[in-house]
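Remarks on the overall topology
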Amino acid sequence: MSKLPRISGRECVRTLGKTGFYFKRQEESHIVLRRNNPFAQVIVPDHKELDRGTLRAIIRQSGLSVDGFIKLL
């Protein structure tokens, strides 16, 4: 298993955008992203640095592998 990098919430949003996620809405400091096919919705905190556990949960909810996510960075 690869070590997760330290990235911001905005970097995570840009990376997920490469896999078909689009901006749905923002509620305060949380950005809601959605993908239609296959359907998935993830919430990304708009923080300067995401905790590794939070980033791992976002990656899991998006249906990607950690290695696949890192390659998209």
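Relevant structure appears above.
The paragraphs below set out a description of the structure included in this document. These numbers were taken from a predicted model, which means no experiment stands behind them.

**Some remarks on the overall build of the protein**
A tally of helices and strands in the protein yields three helices and three strands. Helices and strands appear in the protein in the N-to-C order α-β-β-β-α-α. The C-alpha atoms of the protein give a radius of gyration of 11 Å, which matches the 11 Å a tight globule of 73 residues would have. With the principal axes as the frame, the protein shows a C-alpha extent of 30 × 25 × 15 Å. Looking at the 73 residues of the protein, the share that counts as buried comes to 36%. In the protein, the proportion of contacts linking residues at least 24 apart, taken out of those at least 6 apart, comes to 47%. With an accessible surface of roughly 4600 Å², the protein has 48% of that area assigned to carbon and sulfur atoms. Charged side chains of the protein number 14 positive and 7 negative; the gap between the two group centres comes to 6 Å.

**Focus on helix α1 (residues 9-17)**
Buried within α1 we find G9, C12, V13, T15 and L16. Taken down its axis, α1 places every buried residue within 165 degrees of arc, on the same side. On its buried side, α1 packs onto β2 (30-35), β3 (40-45), α2 (52-62) and α3 (66-72).

**Observations regarding the sheet that holds strand β1 (residues 22-27)**
Across a sheet, paired strands are connected by hydrogen bonds in the backbone, their directions being either parallel or antiparallel. Spatially, three strands are ordered β1-β2-β3 in an open sheet, and the strand pairing comes out antiparallel. Where the open sheet ends on each side, the last strands, each with one partner, are β1 and β3. Direction aside, the axes of adjacent strands within the sheet are offset by 25 degrees on average. Bridge count between β1 and β2: five bridges; the pairing is antiparallel. Within β2, the residue paired with Q26 across the bridge is I31. Together, β2 and β3 form the strand contacts of α1, whose direction differs from that of β3 by roughly 160 degrees.

What counts and how
Residues numbered from 1 in each chain as written. Predicted model: local features only at pLDDT ≥ 70, side-chain atom pairs only at ≥ 80, totals over all residues. Heavy atoms only, no water. Helix = DSSP H or I, 4+ residues; strand = E, 2+ residues; numbered from the N terminus. Rg over C-alpha atoms; globule rule 2.2 N^0.38 Å. Buried < 20%, exposed > 50% of the residue type's maximum accessible area, 1.4 Å probe, protein only. Contact = heavy atoms within 4.5 Å. Areas by Shrake-Rupley, 256 points an atom, 1.4 Å probe, with all protein chains shown as cover. Lys, Arg positive; Asp, Glu negative; His and termini not counted. Charge placed at Lys NZ, Arg CZ, Asp CG, Glu CD. Arc of directions from axis to C-beta. Pairing = 2+ DSSP bridges. Axes fitted to C-alpha atoms, helices over the stretch in contact; angles between N-to-C directions.

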